[in-house]
Amino acid sequence: KNIFNKFKIVVIDDVSTPLCELLYTGTPFILIDNELEFLSLNVKKKIKDLKKINIFFNDPKKASNFLNKNFNNLSYWWNNVKKSKSYISLKKELLPTTSNVISLNKKIQQISLNE
């Protein structure tokens, strides 16, 4: 968790495990990706909603322009991002909650008992 504290911002280039890790740690990041077709429709919509808050870019030049223009104010931008509906919704969608983990554990136990 602490490794991300060393960076002002992290740039990722696809929807994969690092996205979940960054959401979990609350680390500032942007995502540059133009290949979202493998995602479920619900997750794809949530990722595309991140364009509104300048987290998701499908054009690297636009991402670069955003970073160059806002580099000195990234903490202000990120504080606004963390409060946005788009960010909160994606975080809820991709990160497991305690109740989901408990529910999964119960199902695994039930399966084990039935065997």
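For the structure, check the block above.
Everything numeric in this text was worked out from a predicted model, so none of it was measured.

## Digging into the environment of N54
Okay, step 1: Within the fold, N54 resides in the loop between helix 2 (41-49) and strand 3 (56-57).
Okay, step 2: For N54, a relative accessible area of 27% puts it in the partly exposed group.
Okay, step 3: Residue contacts for N54: discarding those within four places in its chain leaves I30, F66 and W77.

## Observations regarding the packing of helix 2 against helix 5 (residues 85-94)
Okay, step 1: At a minimum axis distance of 9 Å, the contact between helix 2 and helix 5 shows a crossing angle of 150°. Classed by the angle they form, the pair helix 2 and helix 5 counts as roughly antiparallel. Handedness of the crossing formed by helix 2 with helix 5: left-handed. Along the contact surface, helix 2 presents N42, V43, K46, I47 and D49, while helix 5 presents S86, S89, L90, E93 and L94.
Okay, step 2: A breakdown of the residues in the contact of helix 2 with helix 5 according to their chemical character gives 4 nonpolar, 3 polar and 3 charged.

## What about the pairing of strand 2 (residues 29-32)?
Okay, step 1: Residues F29 and L31 point to one face of strand 2 and I30 and I32 to the other, with burial holding for every one of them.
Okay, step 2: In the sheet, strand 1 (residues 10-12) pairs with strand 2 via 3 bridges, with the strands oriented parallel. What sits directly across from V10, in strand 2, is F29.
Okay, step 3: Where the polypeptide runs from strand 1 across helix 1 (residues 17-25) and back to strand 2, its parallel neighbour, the crossover connection is right-handed.
Okay, step 4: Two elements, strand 2 and strand 3, share 2 bridges in a ladder whose sense is parallel.

## Here's the deal with helix 4 (residues 74-83)
Okay, step 1: Within the sequence span of helix 4, burial applies to L74, W77, W78 and V81. Buried residues of helix 4, seen end-on, are gathered within an arc of 95° and therefore sit on one face of the element. In this structure, helix 4 carries S75, Y76 and K83 as exposed residues pointing more than 90 degrees from its buried face.
Okay, step 2: At its buried positions, helix 4 is contacted by strand 2, helix 3 (60-70) and helix 5.

Procedures and definitions
- Residues numbered from 1 in each chain as written.
- Predicted model: local features only at pLDDT ≥ 70, side-chain atom pairs only at ≥ 80, totals over all residues.
- Heavy atoms only, no water.
- Helix = DSSP H or I, 4+ residues; strand = E, 2+ residues; numbered from the N terminus.
- Buried < 20%, exposed > 50% of the residue type's maximum accessible area, 1.4 Å probe, protein only.
- Contact = heavy atoms within 4.5 Å.
- Axes fitted to C-alpha atoms, helices over the stretch in contact; angles between N-to-C directions.
- Parallel < 35°, antiparallel > 145°, perpendicular 65-115°, else oblique.
- Left-handed = near helix turned anticlockwise from the far one by under 90°.
- Nonpolar A, V, L, I, M, F, W, Y, C, P; charged D, E, K, R; others polar.
- Pairing = 2+ DSSP bridges.
- Right-handed = clockwise from strand over helix to strand, strands pointing away.
- Arc of directions from axis to C-beta.

These figures capture arrangement, not role.
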